[in-house]
Amino acid sequence: MQSTSLDLARLAAMDTAEAARLLKGVRDATLNGRRSQVGPRADINESWQRMLRGGMDPDRDHRAGLLPPEEIERRRLASPLREVLPVLRDGLVSIAEAAQHIMVVADTEGRMLWREGKATVLRKGDSHGFVLGADWSEGLVGTNGIGTPLISRRPVQVHSAEHFVSTHHTWTCAGAPVTDPRDGKLIGVVDISGPLSTMHPATLSLVTSVARLAEAELRNRHFAALDRLRSVASPLLARLTGRALAVDVNGWPAAVTGMPPTGRLSLPKSVVGGRLWLPSLGMCTVEPLPGGWLIRVDERSSAAPPGRVVLDLSRPRQPSVTVAGAAGSWAQELSPRHAELLYMLALHRDGRTAAQLAQALFEDPTRTVTVRAEMSRLRRHLAQVLAHRPYRFVDEVEVELVQPDDPADLLPQSRAPAVVSARRPPD
């Protein structure tokens, strides 16, 4: 018997009590390992399986201590989400209030930093733990509209018994992750939640659209900052000979001289003025500028190429690569896609063609255009350690692959068939 997955439109068309009973039946069957005609939606099932592997009790309310007010304020001031609160409020608060929902903004740990809505709904939220400083990470409270999008990096709507923990079954929520376009990092999640009867299938689309507007606002601010940096750097670059460029603190170029325009330059986590080896440029001299750095390429440098690469996948959602050699070392966090590609190349030192990588990542050897585009971006950052035809780590470099202790934690966001297969424990 093959199960059919539920969809939000079908749930919304049902009577509230009927939908809740159906979802409870689906949940009970899944948790007890029984087959049923109706199965959970894909995002919900993935979350439930994470909870089951972690041994979470589905019938126990899980809560952690609240952050103290001073820590909430510290996190608010440090969060890039603070810059786009007006966008989130304009797009969601009035609609959330009309629908008897609460708008919630949380950081990357699932800690609630802001919440807004009508007082009557806020009081209902209090009983569910929807209070400032609360921890709504998926690993603590189960499947929910704050923690689950942070794990999946996708918008998720969670309705009634789709919440893994039974105490949340009278609640409905929809959340979307927010990514900072300046460095590609996840910075938090925006969610609207409310009583069960307020569920609507369009809620997820609304939240997703507003999250994208917030990202667009950050992008516009970034362009304005680059313009300011360009006005400072251009007169300096005009007086220089050789290759040089001005980049902001995230490595985005504002102006270049003596070389073709370049994409984003990968910089170490902490940059100080002086001599610095960069994988894509070699030895450079770095000087501070207002809002960024002036980087001059040392054309006379004969520093030896790097001899060691460490691909660290031991932290489930923070993959990184470190390149080291006689000239020093350099480390960079990786996007999920780039981590997948480097993982494949670390496993196969003889190299992989674009078709072989497409098969491993998408189970479709024809998707070579996507693979080549991503490998081109990677090779801009790792020019001295990556070769092509086929794609591979150069023979001269030693490659160390650091994997998590639990195979299930290997690139948990990846749906690549080769990665999914590697996560399964041996028989």
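Residues numbered from 1 in each chain as written. Predicted model: local features only at pLDDT ≥ 70, side-chain atom pairs only at ≥ 80, totals over all residues. Heavy atoms only, no water.

1. Digging into the packing of aromatic side chains
Between two aromatic rings, the relevant description is the distance of the centres plus the angle of the planes. Inspection of the entire model under this criterion finds two aromatic pairs. Between F130 and W171, the ring centres sit 5.8 Å apart and the planes meet at 55°, which makes this aromatic pair tilted. Of the two residues, F130 is situated in the loop between α6 (119–127) and α7 (138–141) and W171 in strand β6 (residues 171–180); the sequence distance between them amounts to 41 residues. Judged on exposure class, the residue F130 and its partner W171 are both buried. Taken together through their ring pairs, the aromatic side chains of F130, W136 and W171 make up a single cluster. (Phe/Tyr/Trp six-rings, centres within 6.5 Å; stacked < 30°, edge-to-face > 60°. Helix = DSSP H or I, 4+ residues; strand = E, 2+ residues; numbered from the N terminus. Buried < 20%, exposed > 50% of the residue type's maximum accessible area, 1.4 Å probe, protein only.)

2. Examining the pairing of strand β7 (residues 185–195)
Counting buried residues along β7, ten of its eleven residues qualify, which places the element largely inside the surrounding structure. Pairing of strand β3 (residues 102–106) with β7 involves five bridges; the strand directions are antiparallel. Bridge pairing in β7 places M103 opposite I192. Bridging between β6 and β7 involves ten bridges; their strand directions are antiparallel. Residue pairing across strands places D180 opposite K185, the latter belonging to β7. Counting the residues that bridge the hairpin from β6 to β7 gives four residues, and of these G184 lies at a positive phi of roughly 75°. (Pairing = 2+ DSSP bridges.)

3. Thoughts on the pattern of salt bridges
Opposite charge on two side chains makes pairing possible when the charged atoms of those side chains draw close. Tallied over the entire structure, the rule returns 28 salt bridges. The residue R115 makes a salt bridge to D126 at a minimum N-O spacing of 2.9 Å. Linking R115 in strand β4 (residues 112–117) with D126 in helix α6, this pair joins segments that are eleven residues apart in sequence. Given the relative accessible area of 23%, R115 is considered partly exposed. Linking E374 and R377 is a salt bridge whose minimum nitrogen-to-oxygen distance equals 3.2 Å. Here R377 and E374 lie together in helix α12 (residues 368–381), a separation of three residues that amounts to about one turn. In this structure E374 comes out as buried when scored by relative accessible area, which is 18%. Sharing partners across several salt bridges, the network here consists of E71, R74, R75, D107 and E109. (Salt bridge = Lys/Arg side-chain N within 4 Å of Asp/Glu carboxyl O.)

4. Thoughts on the sheet that holds strand β10 (residues 274–278)
Ordered in space as β9-β8-β12-β11-β10, the five strands form an open sheet in which the pairing is antiparallel. Two strands close off the open sheet at either side, each with one partner strand: β9 (253–257) and β10. Sheet twist, expressed as the average angle between the axes of neighbouring strands with direction ignored, equals 30°. The sheet strands contacting helix α9 (residues 203–238) are β8 (244–248), β9, β11 (282–289) and β12 (292–297), and the helix crosses β9 at an angle near 25°. (Axes fitted to C-alpha atoms, helices over the stretch in contact; angles between N-to-C directions. Contact = heavy atoms within 4.5 Å.)

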